[in-house]
Amino acid sequence: MSSNDSTAKEQSFLFNVNKIFLVIHLLMLFMFSSLGVDLMAGVSLISICFYFLAFSLTKSEKLSIYVYSVAVEILLHMILAVVCLGIQCNFQLFLIDAMFFLFAMDYVVLRKKKKNHVAILICCVYAIALIILYMLDGFYTPLYKLDSVVIKSISIAMISCVVFLIIICMMCLLHFMSSEEGAMEKQAQFDALMELPNRFYMMAKLKNLFEADKQGEYFLAMIDIDDFKKINDSFGHNVGDDALKMLARTIVNKARGVELSYCRWGGEEFLLLGKCVDGEVPKNFLDELRVEINSKSFWTSKGSGRMTVTIGAGKYKVGQDYKEWINFVDKQLYVGKCTGKNKVVC
């Protein structure tokens, strides 16, 4: 995944997070207004304005400013809510939510490789605030007195909201961990220079094919550039890379419309996996590919150059595992190299 794609994904994620916070504060504004808690209604209105403005932060690249600003807003908002209505309403539990949020955002968005001292510091402030709020319970009178039934209803609503947010937070973490794992696995199976899958991709594909017991319907073909060392020695490794890329593009174009998997096996070798035709290796198809590769030109400091390839192919033989199958087509390739090169050996 490119850095631009990653940033766009993170911005989209925070945009949705911001919508959730905005909805929660709109509900709080409605609740406080209905209860006549004018101070908290005013605070909620300010918070709503903050979250509307915060949408612009989620679209910028300064995502850390958004995360830490939200962390501070939650801290101040919930402390004021406890001061106004008392600790029995459980607004302070949102500080626990905020800790989950902070470390989840640190992993999902900020992606700190080292310890994030800012996140740790804010969480310590949350913990101290929680301890102080519980210690002061009974030593002060809330600014607004509510009926016990109303307090119990608010308490249940707050606990439900906190549990809901923790679940959402954990789901987001699991989703991103799974996504990261998938991206890393894909990256490990991809050759960036050739823009092709690599040998790990093909080995996984062959393993799956054997597990499905469908290998008897397929053939393997190993392609190797003839005298590739001469290209590198004569024109340099950059030209050699261009020749490899040209070969890769030719394979990709030839594979369109047919059931054919391919990968860069290593160096100047490429491996193909395709379905047999009438139970046999499609030699005509492979020969057409060989001729097409031969017809392509790559540019050098001395003008255009061309290359030839040798292809060793074979269908699955009963009793082989996939490594033995690969070794077999590699030996077929060696036969082609020893008998004149620029040919297909099945």
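Note that residues are indexed from 1 along each chain, following the sequence as it is written. A pLDDT threshold of at least 70 governs which residues receive local features in this predicted model, and a stricter bar of 80 or more applies before side-chain atom pairs are shown or counted, although totals over entire chains, interfaces and linings include all residues. Hydrogens and water are ignored here; the side-chain numbers use all heavy atoms of the structure.

Draft legend 1. Region of interest: the nonpolar core. Residues Phe 32, Ile 74 and Phe 91 are the most contacted members of the largest nonpolar core, which totals 59 residues. Helix and strand assignments come from DSSP, with helices taken as H or I runs of at least 4 residues and strands as E runs of at least 2, each series counted from the N terminus. Listed by contribution, the elements that provide at least two residues to this core are α1 (3–35), α2 (38–58), α3 (63–85), α4 (94–110), α5 (117–136) and α6 (148–188). Broken down by element, this core gets its largest block of residues, 13 residues, from α3. The residues touching Phe 32, leaving out its near neighbours within four places in the chain, are Val 37, Met 40, Ala 41, Ser 44, His 77, Leu 85 and Phe 91. Counting residues in each nonpolar core, the second largest holds 32 residues, with Leu 196, Ile 231, Ala 248 and Ile 311 among its members. Nine residue types can take part in a nonpolar core, namely buried Ala, Val, Leu, Ile, Met, Phe, Trp, Tyr and Cys, and a core is a set of them joined through side-chain atoms within 4.5 Å. Each residue gets one of three labels from its accessible area relative to the maximum for its type: buried under 20%, exposed over 50%, partly exposed in between, using a 1.4 Å probe on protein chains only. The contact rule is simple, with two residues in contact once any of their heavy atoms fall within 4.5 Å.

Draft legend 2. Structural context of unusual backbone geometry. Unusually for a residue other than glycine, Asn 90 sits at a positive phi of about 70°. You can see Asn 90 is positioned in the loop between α3 and α4. Classification of Asn 90 by relative accessible area gives buried; the value is 13%. A positive phi angle, close to 55°, is found at Asp 278, a residue other than glycine. Within the element layout of this structure, Asp 278 appears in the loop between β5 (269–275) and α10 (283–295).

Draft legend 3. Looking closely at the pattern of salt bridges. The salt bridge definition used is simple: a Lys or Arg side-chain nitrogen within 4 Å of an Asp or Glu carboxyl oxygen. In the structure shown here, the tally under the stated rule is 10 salt bridges. Residues Arg 264 and Asp 191 are paired through a salt bridge, measuring 3.2 Å at the closest nitrogen-oxygen approach. Taken together, the positions of Arg 264 in strand β4 (residues 260–266) and Asp 191 in strand β1 (residues 190–191) put the pair 73 residues apart, joining distant regions of the chain. The same class applies to Arg 264 and to Asp 191, which are both buried. Each of the salt bridges in this network shares a partner with another, and the network as a whole consists of Asp 224, Asp 226 and Lys 337.

Draft legend 4. Molecular detail of the pairing of β4. Counting buried positions over the 7 residues of β4 gives 6, a clear majority of the element. Strand pairing is assigned whenever DSSP detects at least two bridges linking the two strands. Note that β4 and β5 share 6 bridges and pair antiparallel. Residue Gly 266 lies in a different strand from β5, and its bridge partner there is Glu 269. Hairpin connection, β4 to β5: the antiparallel pair is bridged by 2 residues, and Gly 267 has positive phi, about 60°.

Draft legend 5. Local environment of the state of the cysteines. Only a pair of cysteine sulfur atoms within 2.5 Å counts as a disulfide in this structure description. Evaluation of the coordinates by the stated rule reveals 0 disulfides. Cysteine Cys 263 remains unbridged, with the sulfur of Cys 276 as its closest cysteine sulfur at 18 Å. A relative accessible area of 1% places Cys 263 in the buried class. Free of any disulfide, Cys 276 has its nearest neighbouring cysteine sulfur in Cys 346, separated by 9.9 Å.

Draft legend 6. Structural view of the packing of aromatic side chains. Pairing of aromatic side chains requires ring centres within 6.5 Å, counting the rings of Phe and Tyr and the six-membered ring of Trp. Pairs whose planes differ by under 30 degrees are stacked, by over 60 edge-to-face, and all others tilted. The final tally for this structure, using the stated rule, is 10 aromatic pairs. A ring pair is formed by Phe 50 and Tyr 51, whose centres lie 4.9 Å apart and whose planes are at 75°; its orientation type is edge-to-face. Since its relative accessible area comes to 24%, Phe 50 is described here as partly exposed. Exposure remark for Tyr 51: the relative accessible area of 0% places this residue in the buried category. Ring pairs connect the aromatic residues Phe 21, Phe 50, Tyr 51 and Phe 101, which therefore count as one cluster. Whether a charge sits over a ring depends on NZ of Lys or CZ of Arg being within 6 Å of the ring centre and within 35 degrees of the ring normal. Here the basic side chain of Arg 199 rests over the ring of Trp 265, its NZ or CZ set 4.1 Å away from the ring centre.

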